[in-house]
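Spelled out, the chains give:
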Amino acid sequence: MNIPTDRKYSKEHEWVKVSASGVSIGITDHAQHALGDIVFVELPETGMEVGAGEVFAVVESVKAASDVYAPVGGKILKVNEELLASPEIINSEPYESWFIVIEMSDQGELESLLSADEYGQFCKEE
Amino acid sequence: MDNLLKTPLYDLHHKYGGKMVEFAGWALPVYYSGILDEHEAVRSRAGLFDVSHMGRIEVKGKGALRFLQMLITGDAGIMVDGKAMYSLMCYPHGGVVDDILIYRFGPEHFLVVVNASNTDKDHNWMVQNKTDDVEIINLSRDTAQLALQGPQAEKILQGLTTVNLSELRFFRMLCDIKIAGFNCLVSRTGYTGEDGFEVYTSTCHAQALWEAILQAGSSDGVVPAGLGARDTLRMEACLPLYGHELSPDITPLEAGLAKFVNFYKLSFIGREALTDLFEKGTARKLVGFEMEDRGIPRAHYAVESGGREIGSVTSGGYSPTLKKNIGLALIDAAYSKQGEKIDVIIRNKRQRALIVPTPFFKKQYRNK
């Protein structure tokens, strides 16, 4: 299973990447694999506030709908509209397919997230 | 998964990378490579399904035909030896016990194939309603059932038998024929809207037969296919699924299956209630719809018209063939006309949909 070390992870199988271009959030390789073929994504509006642990998006595979939780909270600056037209790229490139970019309201929230190693271990145990 | 029932092909599902899920108490693969891949393979080439979880119940004896005539809404009297027939069993109030496939071996010998989730219920129902001159035997655990479906199905299966399959007509069967050297019952039937076959054999031959079919079909692109594709394929073809389009609370007339109810038969369980309903007209009707707004309709979502609830979605999802979001809904008959707009409530939002003709997908395969 692919788990890049340049970001942090939640137990709900989302990733958070902090970079020069902002704080982006997406779902992991493990998550896309568990969901199967993704055929639909519902994204929030830019400008909305989302709290850590809150649902901010929905992904639907052929089989079922699943909520996507925000690992950290803040104001949504950008949403990736490319996912609306081509949701299948979440399956093929889960770590490139960011859902939203946010302005974090509390940097401290990053501390409670898992490192790549910890997340890998968590997936094995689950 | 340990407490679930396992089909004779359980080990092979692991070998082929099946993602196993619980279905009607059974451990079965929802997909191997992916639902979209498998769906596409069945529409364009062929897919092999393990449907051993379905119930297989033998009906034998002097009174077998008379018993079936009382039990089902269709007319078993018109069946000849070697014929398969789709039918329904109803309760006295007209609700559905199950939808079934019946095979006739002879006037005193039939096989009834039922939904996995209903096997025990159906068996009990049959035993309860049988006469002394009828024997009901549950063969479900002694037999395996495979479905090979898709345009290449005949070519693939033909490679494994000397019997001329091109002469096997739709809804006919051949019993005691050899497929890959194993004794099988083969019928030209399925649940995908494609040409194809269902193959029944003893549990002990199931794995070898599965492997032989996959090997014989490898150059024609056959793939193992799971429950996920089975569901999307049957939904596009508008084939009902018990627990969704049919239930004890839904009559065949509401589900659009009136042609499977033979009112000229003087007596069968449910006849009075269904006759009454037929004469009065049903208050609810099953319709097919396509989403116009974004969103995927799913079973149990509410359906509204002008802000008033008029029914609910029975099955819904993404159609891989049409690349649209589609569904079936049981709604107030007053709103059931083609071209009518309805709202499907998806995560508390009204999303517009259009009632369209069904089936969503129909293939002109050789239906001789």
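The structure contained in this document is the topic of the report that follows.

About the criteria used
- Residues numbered from 1 in each chain as written.
- Chains lettered and ligands numbered in written order.
- Predicted model: local features only at pLDDT ≥ 70, side-chain atom pairs only at ≥ 80, totals over all residues.
- Heavy atoms only, no water.
- Helix = DSSP H or I, 4+ residues; strand = E, 2+ residues; numbered from the N terminus.
- Polar contact = N/O pair within 3.5 Å; in protein donor to acceptor, adjacent residues only side chain to side chain.
- Pairing = 2+ DSSP bridges.
- Contact = heavy atoms within 4.5 Å.
- Axes fitted to C-alpha atoms, helices over the stretch in contact; angles between N-to-C directions.
- Buried area = accessible area lost by both parts, 1.4 Å probe.
- Salt bridge = Lys/Arg side-chain N within 4 Å of Asp/Glu carboxyl O.
- Buried < 20%, exposed > 50% of the residue type's maximum accessible area, 1.4 Å probe, protein only.

On to the side chain of A:S10. In this structure, A:S10 sits in the loop between strand 1 (8-9) and strand 2 (14-19). In this structure the side chain of A:S10 is engaged in a polar contact, spanning 2.6 Å, whose partner is the side chain of A:E14.

Residues and elements named next belong to chain B. What the 3 strands build is an open sheet, ordered 1-3-2; its pairing is mixed. Each edge of the open sheet is held by one strand with a lone partner, namely strand 1 (5-6) and strand 2 (19-23). Of the pairings in the sheet, the one linking strand 1 to strand 3 (residues 26-31) comprises 2 bridges and is parallel in character. Counterpart to K6 in the pairing with strand 3 is A27. Docked against the sheet, helix 7 (residues 227-236) engages strand 2 and strand 3, running at close to 70° with respect to strand 3.

All right, on to the interface of chain A and chain B then. At the junction of the two partners, chain A supplies 16 residues and chain B supplies 17 residues. Of the roughly 1400 Å² buried between chain A and chain B on both sides combined, carbon and sulfur atoms contribute 51%. Among the residues chain A hides against chain B, the three largest losses belong to A:F40, A:V62 and A:K63. Together they make up 40% of the total. If you look at where chain A meets chain B, you find 3 salt bridges. Among the ionic pairs, A:E60 bridges to B:R347, the shortest N-O distance being 3.0 Å. The interface formed by chain A and chain B contains 10 residue pairs in polar contact (both at pLDDT 80 or more). The greatest single-element share of the side of chain A that touches chain B, amounting to 4 residues, is contributed by strand 4 (residues 38-42) of chain A.

Attention now moves to the pattern of salt bridges. Close approach of charged atoms lets side chains of opposite charge pair. Within this structure, the stated rule accounts for 24 salt bridges over all chains. In this structure, B:E40 and B:R45 form a salt bridge, with 3.6 Å as the shortest nitrogen-oxygen distance. A salt bridge links B:K341 to B:E292, with the nearest nitrogen and oxygen atoms 3.0 Å apart. Highlighted residues: B:K341 in strand 19 (residues 341-346) and B:E292 in the loop between strand 15 (284-291) and strand 16 (302-305), separated in sequence by 49 residues. Judged by its relative accessible area of 40%, B:K341 is partly exposed. Look at the salt bridges and you will find they share partners, linking A:E42, A:E60, B:R298 and B:R347 into a network.

Residue and element names in this part refer to chain B. Reading around the circumference, 15-18-17-16-19-20 is the order of the 6 strands in this closed barrel, with antiparallel pairing throughout. Strand-to-strand twist in this sheet, taken as the mean axis angle between neighbours without regard to direction, amounts to 45°. Bridge analysis of strand 16 against strand 19 gives 2 bridges, and the strand direction is antiparallel. Residue pairing for strand 19: V303 is matched across the bridge by V344.

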